[in-house]
Amino acid sequence: MEAKTPKESRTIMTDMVLPGETNPINNLFGGELLARMDRAAGISARRHSRRIVVTASVNHVAFNRAIPLGSVVTVDAKVSRAFKSSMEIYIDVWIEDRESGIKDKANEAIYTFVAVDETGRPVRVPN
Ligand SMILES: CC(C)(COP(=O)(O)OP(=O)(O)OC[C@H]1O[C@@H](n2cnc3c(N)ncnc32)[C@H](O)[C@@H]1OP(=O)(O)O)[C@@H](O)C(=O)NCCC(=O)NCCS
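The residue numbering used here restarts from 1 in each chain and proceeds along that chain's sequence as written. Given that this is a predicted model, residues contribute local features only at a pLDDT of at least 70 and side-chain atom pairs are listed and counted only at 80 or more, while totals for whole chains, interfaces and linings are drawn from all residues. Hydrogen atoms and water are omitted, and side-chain values are computed over all heavy atoms in the structure.

**Focus on the environment of Val17**
Note that Val17 resides in the loop between β1 (11–16) and α2 (30–49). Each residue gets one of three labels from its accessible area relative to the maximum for its type: buried under 20%, exposed over 50%, partly exposed in between, using a 1.4 Å probe on protein chains only. A relative accessible area of 1% means that Val17 is categorised as buried. When the C-alpha atoms of Val17 and Arg124 are compared, they prove to be 37 Å apart, with 107 residues separating the residues in sequence. Only heavy atoms matter for contacts: two residues are in contact if any of them lie within 4.5 Å across the pair. Among all residues touching Val17, those that are not within four sequence positions of it are Thr22, Leu28, Arg36, Ile67, Pro68, Leu69, Gly70, Ser71 and Val73. Only DSSP runs of H or I with at least four residues qualify as helices, and only runs of E with at least two residues qualify as strands; both kinds are numbered from the N terminus onward.

Shown next as structure tokens:
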């Protein structure tokens, strides 16, 4: 199977933080951020493997910085390592300053996805 580079799986998703997605102190709800990262990571794993992929684990998440209501949030995911059927996806989360447009890192995470066939059985991926 032909090897692939992280560039080929890179997935960048940008969206705003809306009122229904915040906690009582008007910062992005942690579960909402986990879901956004899961979506981007899933697309990245699919681009790498060109197979059906499922989330196997969330290995490392650091909520280093609160993300306020109204923020423009960018989730940047890429496959950083691939094994037999599993893929490690490295994710950076950035928030963009409204006036300068400068992006600051807010969070990072590592997810593991597994490529499966139509019956849910693990299948090999490029590495
Ligand atoms: C992930 C899943 C496909 C693994 O299936 P399995 O029958 O346990 O497969 P195996 O034990 O043969 O492992 C297959 C691969 O998955 C990896 N894996 C299994 N469980 C894992 C876990 N918890 N974390 C990280 N990797 C895991 C193995 O290391 C292996 O990797 P490799 O092929 O690259 O060496 C299966 O557990 C599953 O379908 N889980 C539910 C996924 C899901 O529904 N996700 C959404 C959550 S709501």
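Now that the structure has been shown, we can carry on.
**Considering the sheet that holds strand β3 (residues 72–82)**
The 5 strands are arranged β1-β3-β4-β5-β2 in an open sheet whose pairing can be described as antiparallel. Sheet topology places β1 and β2 (52–62) at the edges, where each strand pairs with a single neighbour. Between one strand and the next, the sheet's axes are offset by a mean angle of 25°, whatever the strand orientation. Throughout, an axis means a line fitted to C-alpha atoms (over the contacting stretch in the case of helices), and angles, computed between N-to-C directions, take values from 0 to 180 degrees. Its contacts with the sheet put α2 on β1, β2, β3, β4 (86–96) and β5 (103–116), and the angle it makes with β3 is roughly 40°. Here, a strand pair is defined by DSSP locating no fewer than two bridges between the strands.

**Structural notes on the nonpolar core**
The biggest cluster of nonpolar side chains holds 26 residues, and the ones touching the most others in it are Met37, Ile67, Met87, Ile89, Ile91, Val93 and Phe113. Elements supplying a minimum of two residues to this core: α2, β3, β4 and β5. Sequence-distant contacts of Ile67, defined by excluding residues within four places in its chain, comprise Val17, Asn26, Asn27, Leu28, Leu33, Val73, Val93, Ile95, Ala106 and Asn107. What we call a nonpolar core is a set of buried Ala, Val, Leu, Ile, Met, Phe, Trp, Tyr and Cys residues that are connected through their side-chain atoms within 4.5 Å.

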